[in-house]
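Survey of secondary and tertiary structure
Listed below are the residues making up each chain.
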Amino acid sequence: MNKKISLFALLSLATCSVYAEDLTKYQDESRAVAMPFLKQLGAANQKAVSEGGPDSAVKVCRDIAPQMTGEVSRKTGWKMTRVSLKVRNPMLGVADAWEQKALMEFEARAAKGEKPETLELSEMVQEPAGKYFRFIKAIPLQAGCVACHGATEQIPDSVKARLNEDYPHDKATGYSVGQVRGAVSIKRPI
Ligand code: HEC
């Protein structure tokens, strides 16, 4: 009897550690995709702002970012997106329930003094259609973002006019540097 119990305990321990290893592996693999994406996007934004001003930088957030996440999604089979609690583009940016919870946790942790660039979460979840590994990493607002996501007085009139025209339901303004603007999210079928 005792032997049976200990064997069972051992087995469940083994399953547990395999699961933990998988989680770490999936997490590392997600990071390896998300980090260069954020780095490239930040650099592209900085370059566009310094070369052509905020008017020309619109293409980075509007065209280049979805192009990059789309390419990663097609190549890996994972869904990769940028999400937020206050979106400019509702088609791409609205967070699902899991992402909303994570973003709210990030905001609370940032308010308690955690550095926004270190905020991330991963979890294995079961959904009606199957099992998924989920990863989410905060995108902090940087100085080069305020011309389009900052307070009204920080947004140049030409950008304001364009945003009003293209995104009449825009909610993605009023952020200050260091705040969590949103996150990059990866959903991987297992
Ligand atoms: C020149 C204006 C401009 C600048 C500068 C800019 N953005 Fe954006 N941002 C936009 C536009 C326009 C969209 C909507 C894109 C779309 O249509 O999908 C957007 C969307 C986003 C989204 C997706 C969620 C949403 O609201 O739809 C995130 C996240 C984001 N921006 C983060 C940033 C960060 C971080 C920076 C600075 C590194 C930045 N942006 C700089 C214009 C800008």
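Residues numbered from 1 in each chain as written. Predicted model: local features only at pLDDT ≥ 70, side-chain atom pairs only at ≥ 80, totals over all residues. Heavy atoms only, no water.

Attention now goes to the coordination of the iron atom of the ligand. The iron atom of the ligand binds to the protein through Cys61 (SG) and His149 (NE2); the donor distances cover 2.0 to 2.2 Å. Because the angles between the six donor atoms bound to the iron atom of the ligand fall within 87 to 180 degrees, the donor set is best described as octahedral. Within this pair, whereas Cys61 is found in helix α1 (residues 2-76), its partner His149 is found in helix α4 (residues 146-149), the two being separated by 88 residues in sequence. Accessibility expressed as a relative area gives 34% for Cys61, which makes it partly exposed. (Donors = N, O, S within 2.8 Å, 3.2 Å for Na, K, Ca; no water. Tetrahedral: all angles 85-135°; square planar, octahedral: opposite > 155°, others 65-115°. Helix = DSSP H or I, 4+ residues; strand = E, 2+ residues; numbered from the N terminus. Buried < 20%, exposed > 50% of the residue type's maximum accessible area, 1.4 Å probe, protein only.)

Glancing now at the site of the ligand. The environment of the ligand is made up of 22 residues, and the closest members are Cys61, Cys145, Cys148, His149 and Tyr167. Between the ligand and the protein, one listed contact pairs a nitrogen atom with a side-chain N or O atom of His149 at 2.8 Å. When atom positions are compared with the pocket grids, the ligand is found to occupy the largest pocket. Put simply, the parts of the chain that give the shell around the ligand at least two residues each are α1, β3 (130-140) and α4. The biggest single contributor to the shell around the ligand is α1, with six residues. Here the residues of the shell around the ligand sort into 12 nonpolar, five polar and five charged. (Near = heavy atom within 4 Å. Polar contact = N/O pair within 3.5 Å; in protein donor to acceptor, adjacent residues only side chain to side chain. 1 Å grid on protein atoms, 1.4 Å probe; cavity = no way out; pocket = protein on both sides within 12 Å on 5 of 7 lines; lining within 4 Å. Sits in = over half its atoms within 2 Å of the grid points. Nonpolar A, V, L, I, M, F, W, Y, C, P; charged D, E, K, R; others polar.)

Mapped onto the present numbering, the UniProt feature "domain: Tll0287-like" (unreviewed entry) falls on residues 43-189. Counted over residues 43-189, helix gives 46% and strand 23%. Its end C-alpha atoms are 30 Å apart. (UniProt positions renumbered as here; feature names shortened; annotations may be inferred.)

Attention now goes to the nonpolar core. Side chains of nonpolar character tend, in soluble globular proteins, to be buried together. Judged by nonpolar contacts, the single largest core of 19 residues is most densely connected at Val33, Phe37, Leu41, Met80, Val184 and Ile186. Listed by contribution, the elements that provide at least two residues to this core are α1, β3 and β4 (180-189). With 11 residues, the single largest contributor to this core is α1. Contacts of Leu41, omitting those with residues within four sequence positions, involve Val60, Ala65, Met68 and Arg82. (Core = buried A, V, L, I, M, F, W, Y, C linked by side-chain atoms within 4.5 Å. Contact = heavy atoms within 4.5 Å.)

Throughout the structure, instances matching the rule amount to one aromatic pair. Centre to centre, the rings of Tyr26 and Phe133 are 5.4 Å apart; their planes meet at 50 degrees, and the pair counts as tilted. A residue pair is termed long-range when its members are at least 10 positions apart, and Tyr26 in helix α1 and Phe133 in strand β3 qualify at 107 residues. Like Tyr26, the residue Phe133 is buried in the burial classification. Over the ring of Tyr175 we find Lys86, and its NZ or CZ is 4.6 Å from the ring centre. Its guanidinium or amino end placed over the ring of Tyr132, Lys187 lies 4.5 Å from that ring's centre, counting from NZ or CZ. (Phe/Tyr/Trp six-rings, centres within 6.5 Å; stacked < 30°, edge-to-face > 60°. Lys NZ or Arg CZ within 6 Å of the ring centre and 35° of its normal.)

On to the sheet that holds β3. Here we have four strands laid out as an open sheet, ordered β1-β4-β3-β2, and antiparallel in their pairing. The sheet terminates laterally at β1 (79-83) and β2 (120-127), the two strands that pair on one side only. Geometrically, the sheet is characterised by an average inter-axis angle of 20 degrees between neighbouring strands, direction not taken into account. Here five bridges tie β1 to β4, and the two strands are oriented antiparallel to one another. Along β4, the bridge assignment pairs Arg82 with Val184. (Pairing = 2+ DSSP bridges. Axes fitted to C-alpha atoms, helices over the stretch in contact; angles between N-to-C directions.)

Looking now at the pattern of salt bridges. One pass over the structure, following the stated rule, counts 16 salt bridges. In this structure, the salt-bridge partner of Arg134 is Glu99, at a minimum N-O distance of 3.1 Å. Placement of Arg134 in strand β3 and of Glu99 in helix α3 (residues 97-111) is noted, with a sequence separation of 35 residues between them. This pair shows no difference in class: Arg134 is buried, exactly as Glu99 is. Residues joined by salt bridges that share partners form a network here, namely Asp96, Glu99, Glu127, Arg134 and Lys187. (Salt bridge = Lys/Arg side-chain N within 4 Å of Asp/Glu carboxyl O.)

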